[in-house]
Amino acid sequence: MESFFKFWDTHFLPSIAKFYNNNYLIAIRRTFYVLMPFWLTVSFFDLIGNVFLNPTGILFDNGGLNLGFWLTGLTGEDYLHSNFAYLMLTYKKIISVGYNIVTMIITITLSARLAEIWQSDKTMTIFCSGSAFLIVYSLAPTHEPQVSDYFSEMGFFSAFLLTFISARIFSWLYHKKPLFIKVPKYLPQEMAKYLSAIFPVALTLIFFPLLIFVLSILITATENFFAGISDLTFFQNPLFVIFYQLIVWILGWLGLPGYAMTSVVLDTAYIPAQINNQIGETVAIFTTGFFEAGVIQVLGLMIAILVFSQHDNWRKVTKFSMPLMLFNVQEVFIFGLPVILNPIFILPYVFAPIANCLVGYVAISWGIVPVFQTDIPWTMPLVLGAGVATHSVMGGLLQIVWLIMDIFIYAPFVITANSIELENENRI
């Protein structure tokens, strides 16, 4: 044990500290800071919309409290086409516009900071990144319907990746002087400056339609592959689930929507398994309801920070985000701390949900906890939601066990991160 701690202090800690202070990660963290008031505003109104203003949600749908019928006197298609439902759906469209605004803020802020790092023209870098995002956003829904899942509405996580790629391509081309054209000397100097860079701009923008084309082919090939697997027990194999969760949470740590980007697996295997459990045809362990509970690991990190961290800002962010996290709204915390792209937290962020899956698999396969039968709204509070989904108090107890596990998994990494942060502040 002593040798482990010696290795941790002499090798792991300095390497992580160096990576943590990387210029690119600093630029992304500062983008998060600019983004937070806008993100928090949109997330709050989205939460209100999903919980209180959703015409097919738990309050208004006939599968819930059925308030929609009491307010309109209508059911079925008549209710869905009523003015009442139309107004609430219009509200949701407004929220979609809010998410689009957030993605543009990401693009503008991050591309400006990357232009400084790579010493390219800031104005052209911002416009190239903004144009790249609009190209992908506009082409994705029309070129291939499935691609829209990656870039629409909540897909603004992908804006970070698109901005980084576009800014990197343009900055690299910007320093290739042979690509610049000669312009007449009688043109205004500022016009000549921008006009001469037409090839770096054009080559940057041409890349993104090609990206959508390649992505569409990959998505189609992936869907065909999984659709060809007729034995659904393959997806219930713990080894496959470990691999699946590894991919999901690595994508999540990169700031990408892991479950959305692997939606083909959910659509092929875990949504049908959830439906079959609900109607009593199967007793599948791994379902969408089971994986929905995976975000409890983020709550484990929050509690670990409150218990083990002395960093005042981290504790404030955690306390501020805790009420939202109780309703599964984790974005404010994971981007505000941040957890995303934070090298210190990659190991627990990826392996804590895998550990939860293995413990859940054992508990359900041994009959200690029932399978997840009911598909509940994503805003359902943690623990309570698991109890409702499994129709048993043991479901909630399973989540409590997961939470305790995750707190201890995160504890050594929180202590390490705390020491790095305090050392950086003392140096300043």
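No experiment lies behind these values; they were computed from the predicted model shown.

Asker: Looking at this structure, I do not really get the packing of helix H15 (residues 296-308) against helix H18 (residues 346-365). What am I missing?
Answerer: Two packed helices can be described by the angle between their axes and the distance between those axes. It is the contact of H15 with H18, at a shortest axis distance of 9 Å, that shows an interaxial angle of 120°. It follows from the interaxial angle that H15 and H18 lie oblique. In terms of crossing hand, the pair formed by H15 and H18 is right-handed. For the pair formed by H15 and H18, the contact residues are Ile 296, Gln 297 and Val 298 on the first element and Pro 348, Tyr 349, Ala 352, Pro 353 and Asn 356 on the second. The class makeup of the residues in the contact of H15 with H18 is 6 nonpolar, 2 polar and no charged.

Asker: Explanation requested: the confidence of the model for the protein in the structure shown.
Answerer: Low pLDDT marks stretches whose predicted atomic positions should not be read closely. Here the protein averages 76 in pLDDT, while 76% of its residues score no lower than 70. No element of the protein has a lower mean pLDDT than helix H7 (residues 148-151), which averages 40, and none a higher one than H18, which averages 89.

Asker: I tried to follow the side chain of Thr 204 on my own but got confused; where do I start?
Answerer: Along the chain, the position of Thr 204 falls in helix H10 (residues 198-227). For Thr 204, a relative accessible area of 0% puts it in the buried group. Setting aside chain neighbours within four positions, we find Thr 204 in contact with Cys 128, Ser 166, Ile 169, Phe 170 and Leu 173.

Asker: It is not clear to me how the pattern of salt bridges should be interpreted in this structure. Could you clarify?
Answerer: Oppositely charged side chains can form a pair if their charged atoms are brought close together. Considering all chains together, one arrives at 2 salt bridges under this definition. Note that Glu 116 is salt-bridged to Lys 122, the shortest N-O span being 2.9 Å. A residue is classified by how much of its surface remains accessible, and Lys 122, at 38% relative accessible area, is partly exposed. Its salt-bridge partner being Lys 193, residue Asp 121 comes within 3.1 Å of it at the nearest N-O pair. In this pair, Asp 121 sits in the loop between helix H5 (83-118) and helix H6 (122-143) while Lys 193 sits in helix H9 (residues 189-195), placing the two residues 72 residues apart along the sequence.

Asker: Any chance you could explain the environment of Ala 192 here in plain terms?
Answerer: Relative to the assigned elements, Ala 192 resides in helix H9. In sequence terms Ala 192 and Ile 181 are 11 residues apart; their C-alpha atoms lie 9.5 Å from each other.

Asker: Quick question: what am I supposed to make of the side chain of Thr 125 here?
Answerer: Assignment of secondary structure puts Thr 125 in helix H6. For Thr 125, a relative accessible area of 0% translates into the label buried. Among residues more than four places away in sequence, those in contact with Thr 125 are Ser 111, Ala 115, Ser 120, Ala 167 and Phe 170.

Asker: I'm lost on the nonpolar core in this one. Help?
Answerer: General note: in soluble globular proteins, nonpolar side chains tend to be found buried as a group. Counting 79 residues, the largest nonpolar core has Tyr 270, Phe 290, Phe 333, Phe 345 and Tyr 349 as the members making the most contacts within it. When residues in this core are grouped by element, the largest group, 9 residues, is from H5. Among residues more than four places away in sequence, those in contact with Phe 290 are Gln 274, Ile 285, Asn 356, Cys 357, Gly 360, Tyr 361, Ile 364, Phe 372 and Trp 402. Counting 6 residues, the second largest nonpolar core, distinct from the first, contains Met 124, Phe 170, Phe 180 and Ala 197.

Rules behind the numbers
Here the residue index of a chain counts from 1 through its sequence in written order. Under the rules for a predicted model, residues below a pLDDT of 70 receive no local features and side-chain atom pairs below 80 are neither given nor counted, while totals for whole chains, interfaces and linings still include all residues. Hydrogens are left out, water is left out, and the side-chain values use all remaining heavy atoms of the structure. Only C-alpha atoms enter the line fits that serve as axes; for helices the fit covers just the stretch in contact. Angles between N-to-C directions range over 0 to 180 degrees. Helix and strand definitions here come from DSSP, where helices need a minimum of 4 consecutive H or I residues and strands a minimum of 2 consecutive E residues; each element is numbered from the N-terminal end. The cut-offs work like this: below 35 degrees is roughly parallel, past 145 is roughly antiparallel, 65 to 115 is roughly perpendicular, and the gaps in between are oblique. Each crossing is labelled by how the near helix is turned from the far one, with a counterclockwise turn of less than a right angle marking it left-handed and a clockwise turn marking it right-handed. Residue contacts follow a heavy-atom distance rule, with two residues in contact if any of their heavy atoms lie within 4.5 Å. Under the grouping applied here, Gly and all other residues not named as nonpolar or charged are polar, the nonpolar ones being Ala, Val, Leu, Ile, Met, Phe, Trp, Tyr, Cys and Pro and the charged ones Asp, Glu, Lys and Arg. Confidence per residue, as judged by the predictor, is encoded in pLDDT with a range of 0 to 100. Remark: exposure states derive from per-residue accessible area (1.4 Å probe, protein chains only) relative to the maximum for the residue type, with buried under 20%, exposed over 50%, and partly exposed in between. Between Lys or Arg on one side and Asp or Glu on the other, a salt bridge is scored when a side-chain nitrogen of the former is within 4 Å of a carboxyl oxygen of the latter. Here, nonpolar core refers to any group of buried Ala, Val, Leu, Ile, Met, Phe, Trp, Tyr and Cys residues whose side-chain atoms link them within 4.5 Å.

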